[in-house]
Protein chains: 4
Amino acid sequence: MIAVLKNGTPKEKIESLSHYLTEQGVEVRVWEGKFQTVVGLIGDTSKIDDNALLGMDFVETVKHISEPFKSANRKFHPDDSEIRVGDHVVGGGTFTVIAGPCSVENEAQILEVAKAVKASGASFLRGGAFKPLTSPYDFQGLKADGIELLLEAKKETGLPIVTEIMNANHLPLFEDVDVIQVGARNMQNFELLKELGKTKKPILLKRGLANTLKELLMSAEYIMAGGNENVILCERGIRTFETYTRNTLDLSAVPMLKELSHLPVIVDPSHATGLARLVEPMALAAAAAGADGLMIEVHNDPQKALCDGPQSLTPAQFDQVMKKVNKVRAALQ
Amino acid sequence: MIAVLKNGTPKEKIESLSHYLTEQGVEVRVWEGKFQTVVGLIGDTSKIDDNALLGMDFVETVKHISEPFKSANRKFHPDDSEIRVGDHVVGGGTFTVIAGPCSVENEAQILEVAKAVKASGASFLRGGAFKPLTSPYDFQGLKADGIELLLEAKKETGLPIVTEIMNANHLPLFEDVDVIQVGARNMQNFELLKELGKTKKPILLKRGLANTLKELLMSAEYIMAGGNENVILCERGIRTFETYTRNTLDLSAVPMLKELSHLPVIVDPSHATGLARLVEPMALAAAAAGADGLMIEVHNDPQKALCDGPQSLTPAQFDQVMKKVNKVRAALQ
Amino acid sequence: MIAVLKNGTPKEKIESLSHYLTEQGVEVRVWEGKFQTVVGLIGDTSKIDDNALLGMDFVETVKHISEPFKSANRKFHPDDSEIRVGDHVVGGGTFTVIAGPCSVENEAQILEVAKAVKASGASFLRGGAFKPLTSPYDFQGLKADGIELLLEAKKETGLPIVTEIMNANHLPLFEDVDVIQVGARNMQNFELLKELGKTKKPILLKRGLANTLKELLMSAEYIMAGGNENVILCERGIRTFETYTRNTLDLSAVPMLKELSHLPVIVDPSHATGLARLVEPMALAAAAAGADGLMIEVHNDPQKALCDGPQSLTPAQFDQVMKKVNKVRAALQ
Amino acid sequence: MIAVLKNGTPKEKIESLSHYLTEQGVEVRVWEGKFQTVVGLIGDTSKIDDNALLGMDFVETVKHISEPFKSANRKFHPDDSEIRVGDHVVGGGTFTVIAGPCSVENEAQILEVAKAVKASGASFLRGGAFKPLTSPYDFQGLKADGIELLLEAKKETGLPIVTEIMNANHLPLFEDVDVIQVGARNMQNFELLKELGKTKKPILLKRGLANTLKELLMSAEYIMAGGNENVILCERGIRTFETYTRNTLDLSAVPMLKELSHLPVIVDPSHATGLARLVEPMALAAAAAGADGLMIEVHNDPQKALCDGPQSLTPAQFDQVMKKVNKVRAALQ
């Protein structure tokens, strides 16, 4: 349930409304947008009387939100969210490119890739330190050492870093990480989401392999309901019957999520297709569809990558993709 | 199994090779490309000795094709197919836009839409005369009268027409239709495909709702094995668990199909999403992904359309999409 | 929309009601059950006034049926349908076992299998004469000759025969076939369904690979709306992400379909699993779930079968399955 | 890679072989079955020479296991696993029925249900204390208090208890829980699985909503690789396009999993169908398909259940199901 306030409603009135509503037992969120102020009511709103609210002279309208996600809902927050990470802003018309290897392997590798992707225009460096692999016998990542190497690459290049968390107990290791990624297999690990909701870190939340957009938004809601509104959504392909590609990239998710929610939406064409040669056309398509950014795997030597080599671009290929993506974005401005 | 011949192999040698292979009990197809001649062997090739072929001084290489589709296979036909329809060519670097209403309803409607989409740059007029609806109690189309109305619109505007067939017995009604569409639900109606293989009409073959790309190519193969190589593939969304959109548009199908096959690939964002407001971003994405064209539903009065109103664009919206699609294509040239 | 009439309503009143409703422009079906008479209204019922009907002293209740299938709906026809084929009845508490090879190959094969499955208690002989295979280069069946061989086996053993149709133009060849099968890939070949609706032949309608139960019932509706109410539904496995089995047998379809519809439901564990060794447990499970019968592939020499060998039982294995199925059925009576 | 040893190989030889293999850098597991001893090698076996092993006079054969799961593989452990919980054994020919409410709500409720299901023959009491719900605004369970109430019901009835864990940090609360359940959404929460692998508690591992059997076995492998071999697999329905039922119960998973693995397999027809009236036919089908047990939701007042009411049986309905399940099992013995 939300109440849209009239333009220019004074602060005291908003505070007194919040106070009143809190006393009725609901949680209150106030969002001051450029053109209007919206007050969101979370919890059991059944006792709140619409007419009582409409009777207040500064309340314009009252709307009931049927979608089960509230904090993530665009009705509740009409403007795009802008998530600040250092000097960079994700969302709100910017375009964010996150690039780097599937796994951090060693210092030389991560530094070489970091410098290369920065030169081509990436805004963030990604690299896996904890790896959620299907088999317990596969390489599980360098863990804490991987995060150390990412931080070194950050010091060297200035690129903020993005890396995946699998266990809330590891949070202390992520203190200097700029954006924490939640992988597809943990999209409904609600205990992890709740812990991340208690932090203020930007969270990159990947859609699960067979999850709907509503479920993705409900998982964002778990983080936001805890007080952390810095959520970036990521479409990374869903499971279908197709076998030529690893997954099926759902690009209609981009405009659909942006209609339903104010959160930024980025696209990962590398995991979605599993094939380096499909990354370029899908990156261009994502840009044309209105994505707020891309997440692309780049490796200095894909043949020898410890994981996901076949889907990694070389730095030269990545540079090529960036040039074309910029052309598409320029054409649509 | 294919034999690639050396550049400049004289015609008689090719003919004598064909004759020899036919006598071994296999069917032979000769394709003369710009840079090389390829001889394809269809059927039981187990008795053909690779070395016997390689021993011929004009044979460069012999390749075994493991994919079960042969006529549609790019290995067998390295250049893009170009399918001529009147003065228009589909494939080979051109961009084909097919637009029109889901169903032909009456003369005024189809003429108005035809003129509008032509003015915005469409190359073909589409309109359903026979409708494959899930319920026997829903509107089943104007049938023969619908085709008459399409032909009138063609006479008036010069636009070649595309319409769907559901029954091979109706073929005589399609004599003046320029491109015959096979709908998603008939993609594996093998008897229909075989009959279409006996014609020379260009066929627009839509991917089935839960079919893989390999199955789509095998269905193209049914048509081509009958001798009709004029097949245009169409990605129109597949069934997934997502419910906000009607289907999920699989844009990775575009580069993947173009890698596997020489046939042109067009994209239908209207049926894929089921939502008019998603047609523009998906059309732009399809163009960026390298599609050979688009198929878009346009209706002069979507509110009153007898079918699929919610996914139809108005002529003004279609004009807008065309302008942006052209910008994206220009940017990538 | 249906009207339930009071017990003992005289024939003339029913006729006069039918006449009245037909004049209002709807189609009328009268079904006289054991305990009540139900009048079904098909078509645009928006102009029929509930109160006008309720005002007639012999009308007990009027119900609106929201499910889009009407003829197949159990609300409209509360008792189980019983479909007569010679002396055999399918549905209504009987158990029907249809057995035989995937393809009819030659006289010796079909006769040997027919005698064997009859001895083990099968009630029908199945065998493919027209085969809907994904590849145009695979064995397409013996066609008319296959049907001839089935008829010979019928003469020899007395078993009625079931075989698949792919093209309505072949109907004359099916004159002596007892039950006509529509395969999964043709479940939404609406033109074929409409033609079968004009016959009186019992139709075995298989669920499509990725179709819902509602779609299956709507396809049954296409046949029934044409006047042929002799439809037998067949669950044969649906496409899922699982790869160890060919498809995933959906046994909850059995009680669900029987709740929604009065039509008999049989289960094909052979195509559903693709593995002979899973046929027995799935046949037992289908019987326990309340299926009205089974369709099982049996081949005298599965190793050499021209199609689907890996999923065919030997006659000895089939005999074993029959014995256990009978035990399960006896235990639940 | 496994080595099968000759019957009667003396203990010292087995130990010396283990020692030798451990020195080559692989992990060794010895499993002594009734008729043969199998030595399993886990890790990088590329340096182990088959011939060196075959040269030892007590080694019968050496097999390479291509399936990525090893501890769970039946080749490696030909007999059924038997998992002891108090006096009860799960697997190995027994039949285990776990029954109880979706959520523990209060003392009266859990005691009443526990007594009822015990009287009908259930071997375990289930009840949710921590609930993994899609929405952060829904009832999340009584948590620690819920476990307390389960333990009280256990004291009263003697029934061992099964309840779900969502966070490894909660493990101390589960000290007296007999079987720990991992829910479908956590099937690939590898960090949780690893922690459970360090305990000796029997784990009931549910298949994820869109996961394959191989993925389920790989998740079992995560637990077993840590040293905890007490894993019970649970089929609980997978996501398909069908909407009449909540999920689609995959009963072919039962014989398939039992062929691939030695672990017991139980079936949850309540979550699979979401409809109380489908629980009986699916429970009977599961028993007929060879399941090692059932997990069924029972509530004393389904209308008022805090979660999943529509799929819960009343105690009387459960009693009915148990009687019929016993008949089916007796018929097949």
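Residues numbered from 1 in each chain as written. Chains lettered and ligands numbered in written order. Predicted model: local features only at pLDDT ≥ 70, side-chain atom pairs only at ≥ 80, totals over all residues. Heavy atoms only, no water.

A.B. asks: So what exactly am I meant to see when it comes to the overall build of chain A here?
C.D. replies: Of the regular secondary structure elements, chain A holds 10 helices and 14 strands. Against the 2.2 N^0.38 benchmark of 20 Å for 333 residues, chain A shows a C-alpha radius of gyration of 21 Å, consistent with a compact globule. A principal-axis box enclosing the C-alpha atoms of chain A has dimensions of 70 × 45 × 40 Å. Residues classed as buried in chain A amount to 64% of the 333 residues present. For chain A, long-range pairs separated by at least 24 residues make up 68% of all intrachain contacts whose partners lie at least 6 apart in sequence. Just so you have it, chain A exposes about 12,000 Å², and 49% of that area is on carbon and sulfur atoms. (Helix = DSSP H or I, 4+ residues; strand = E, 2+ residues; numbered from the N terminus. Rg over C-alpha atoms; globule rule 2.2 N^0.38 Å. Buried < 20%, exposed > 50% of the residue type's maximum accessible area, 1.4 Å probe, protein only. Contact = heavy atoms within 4.5 Å. Areas by Shrake-Rupley, 256 points an atom, 1.4 Å probe, with all protein chains shown as cover.)

A.B. asks: Explanation requested: the sheet that holds strand E3 (residues 37–42) of chain D in the structure shown.
C.D. replies: Sheet strands line up and pair through hydrogen bonds in the backbone, either parallel or antiparallel. All names here are of chain D. An order of E2-E3-E1-E4 is seen for the 4 strands of this open sheet, with the pairing classed as antiparallel. In this open sheet, the two strands that pair with only one neighbour each are strand E2 (27–32) and strand E4 (59–63). Adjacent strand axes in the sheet meet at a mean angle of 20 degrees, parallel and antiparallel pairs treated alike. Contacts between helix H1 (residues 11–23) and the sheet are confined to strand E1 (2–5), E2 and E3, with E2 contributing the most and set at about 160 degrees to the helix. (Pairing = 2+ DSSP bridges. Axes fitted to C-alpha atoms, helices over the stretch in contact; angles between N-to-C directions.)

A.B. asks: Just to check I follow, could you spell out the pairing of strand E9 (residues 161–165) of chain C for this structure?
C.D. replies: Both faces of the sheet carry side chains from a regular strand, because those side chains alternate between them. Residue and element names in this part refer to chain C. For E9, the buried fraction is high: 5 of the 5 residues fall into the buried class. Handedness of the crossover joining strand E8 (residues 124–126) and E9 through helix H4 (residues 144–157) is recorded here as right-handed. The pairing of E9 with strand E10 (residues 179–182) spans 4 bridges and is classified as parallel. The residue of E10 that forms the bridge with Val162 is Val179. (Right-handed = clockwise from strand over helix to strand, strands pointing away.)

A.B. asks: Help me understand the relation of the copies chain A and chain D in this model?
C.D. replies: The operation linking the two copies of the chain is a rotation about an axis combined with a translation along the axis. With an RMSD of 0.2 Å, chain A superimposes on chain D once it is rotated by 179 degrees and translated 0.1 Å along the axis. Both copies are brought into coincidence by an operation consistent with a two-fold rotation axis. For chain A, the minimum C-alpha distance to the rotation axis belongs to Ala210 of chain A and amounts to 3.0 Å. Both copies present the same face, since 100% of the interface residues in chain A are matched by interface residues at the equivalent positions in chain D. (Least-squares fit on C-alpha atoms with pLDDT ≥ 70 in both.)

A.B. asks: Just to check I follow, could you spell out the relation of the copies chain B and chain A for this structure?
C.D. replies: Relative to chain A, chain B is turned by 180 degrees and slid 0.0 Å along the rotation axis, the superposed coordinates differing by an RMSD of 0.1 Å. The overlap is high: 100% of the interface residues of chain B also sit at the interface in chain A, so the same surface is used on both sides.

A.B. asks: So what exactly am I meant to see when it comes to the sheet that holds strand E2 (residues 27–32) of chain B here?
C.D. replies: Residues and elements named next belong to chain B. Read across the sheet, 4 strands follow the order E2-E3-E1-E4 without closing on themselves; strand pairing throughout is antiparallel. With partners counted over all chains shown, the strands left at the sheet margins are E2 and strand E4 (59–63), one partner each. Averaged over all adjacent pairs, the angle separating strand axes in this sheet is 20 degrees, with direction ignored. Two elements, strand E1 (residues 2–5) and strand E3 (residues 37–42), share 4 bridges in a ladder whose sense is antiparallel. Bridge pairing in E3 links Ala3 to Val39. Docked against the sheet, helix H1 (residues 11–23) engages E1, E2 and E3, running at close to 160 degrees with respect to E2.

A.B. asks: What should I look at first to understand the environment of Leu249 of chain D in this one?
C.D. replies: Considering the arrangement of structural elements, one finds Leu249 of chain D in the loop between strand E12 (231–235) and helix H7 (253–260). A relative accessible area of 1% means that Leu249 of chain D is categorised as buried. For Leu249 of chain D and Glu235 of chain D, which are 14 residues apart along the polypeptide, the C-alpha to C-alpha distance reads 7.4 Å. Dropping the residues within four chain positions of it, Leu249 of chain D is found in contact with Leu249 of chain C together with Glu235, Gly237, Val267, Asp268, Ala272 and Met282 of chain D.

A.B. asks: Help me out: how do you make sense of the packing of helix H6 (residues 213–225) of chain A against helix H7 (residues 253–260) of chain A in this one?
C.D. replies: The angle between the axes and the distance between the axes are what describe a pair of packed helices. All names here are of chain A. Running from amino to carboxyl end, H6 crosses H7 at an angle of 50 degrees, the nearest separation of the two axes being 11 Å. For the element pair H6 / H7, the angle class is oblique. When you trace H6 past H7, the crossing you get is right-handed. Within the contact between the two elements, H6 uses Leu213, Leu216 and Leu217 and H7 uses Ala253, Met256, Leu257 and Leu260. Tallied by class, the residues present in the contact of H6 with H7 amount to 7 nonpolar, no polar and no charged. (Parallel < 35°, antiparallel > 145°, perpendicular 65-115°, else oblique. Left-handed = near helix turned anticlockwise from the far one by under 90°. Nonpolar A, V, L, I, M, F, W, Y, C, P; charged D, E, K, R; others polar.)

A.B. asks: How should the interface of chain A and chain D be read in this particular structure?
C.D. replies: Accessible area lost during the coming together of the parts is what is often quoted as the interface size. Contacts between the two partners involve 32 residues from chain A, matched on the other side by 32 residues from chain D. For the chain A and chain D pair, buried surface summed over both sides reaches about 2,800 Å², with 53% attributable to carbon and sulfur atoms. Here chain A and chain D share 2 salt bridges between them. Across the pair Glu215 of chain A and Arg239 of chain D runs a salt bridge, and its minimum N-O distance is 2.4 Å. (Buried area = accessible area lost by both parts, 1.4 Å probe. Salt bridge = Lys/Arg side-chain N within 4 Å of Asp/Glu carboxyl O.)

A.B. asks: Sorry, what's going on with a negative patch on the surface here?
C.D. replies: Residues and elements named next belong to chain A. Taken together, the side chains of Glu107, Asp145, Glu148, Glu152, Glu156, Glu175 and Asp176 present a region of like negative charge at the surface. Among the elements that make up the negative patch, the one with the highest residue count is helix H4 (residues 144–157) (4 residues). As for its position among the elements, Glu148 is in helix H4. In this structure Glu148 comes out as partly exposed when scored by relative accessible area, which is 48%. (Patch = residues over 30% accessible without salt bridge, like charges linked within 9 Å, V, L, I, M, F, W, Y side chains within 5 Å. Lys, Arg positive; Asp, Glu negative; His and termini not counted. Charge placed at Lys NZ, Arg CZ, Asp CG, Glu CD.)

A.B. asks: Can you help me understand the confidence of the model for chain A in this one?
C.D. replies: In low-pLDDT regions, the fine details of the predicted coordinates are not to be read closely. Confidence in the prediction of chain A, expressed as mean pLDDT, is 92, and 99% of residues score 70 or more. Predicted as a complex, the structure gets a pTM of 0.88 and an ipTM equal to 0.88. (pLDDT = per-residue confidence, 0-100.)

A.B. asks: Would you explain the interface of chain B and chain A in this entry?
C.D. replies: Counting residues at the interface gives 37 residues for chain B, matched by 37 residues for chain A. Carbon and sulfur atoms make up 70% of the surface buried where chain B meets chain A, a total of about 3,000 Å² over both sides. Together, Tyr244, Ser252 and Met256 of chain B form the three largest contributors to the area buried by chain B at its contact with chain A, with a combined 20%. In this assembly, chain B and chain A are joined by 4 salt bridges. A salt bridge links Arg207 of chain A to Glu242 of chain B; the nearest nitrogen and oxygen atoms lie 3.3 Å apart. The interface formed by chain B and chain A contains 6 residue pairs in polar contact (both at pLDDT 80 or more). Of the residues belonging to the side of chain B that touches chain A, the class tally is 22 nonpolar, 6 polar and 9 charged. (Polar contact = N/O pair within 3.5 Å; in protein donor to acceptor, adjacent residues only side chain to side chain.)

A.B. asks: Would you mind going over the packing of aromatic side chains with me for this structure?
C.D. replies: Across all of its chains, the model carries 12 aromatic pairs over all chains by this definition. On the basis of an interplanar angle of 25 degrees and a centroid distance of 4.5 Å, the ring pair of Phe190 of chain C and Tyr222 of chain C is categorised as stacked. Highlighted residues: Phe190 of chain C in helix H5 (residues 190–197) and Tyr222 of chain C in helix H6 (residues 213–225), separated in sequence by 32 residues. Judged by its relative accessible area of 1%, Phe190 of chain C falls in the buried class. Residue classification places Tyr222 of chain C among the buried positions, given a relative accessible area of 3%. Taken together, Phe241 of chain A, Phe241 of chain B, Phe241 of chain C together with Phe241 of chain D form an aromatic cluster joined through their ring pairs. (Phe/Tyr/Trp six-rings, centres within 6.5 Å; stacked < 30°, edge-to-face > 60°.)

A.B. asks: Explanation requested: the pattern of salt bridges in the structure shown.
C.D. replies: Pairing between side chains becomes possible if they bear opposite charge and their charged atoms approach one another. Tallying each qualifying case throughout the model produces 70 salt bridges over all chains. With a shortest N-O distance of 2.7 Å, Asp80 of chain B and Arg74 of chain B are connected by a salt bridge. We classify Asp80 of chain B as partly exposed; its relative accessible area is 29%. Classification of Arg74 of chain B by relative accessible area gives buried; the value is 18%. The salt bridge involving Glu195 of chain B is made with Lys198 of chain B; its shortest N-O contact spans 3.1 Å. For Glu195 of chain B, a relative accessible area of 26% gives the class partly exposed. Within this structure, Arg207, Glu235 and Asp250 of chain A together with Glu242 of chain B form a network of salt bridges that share partners.

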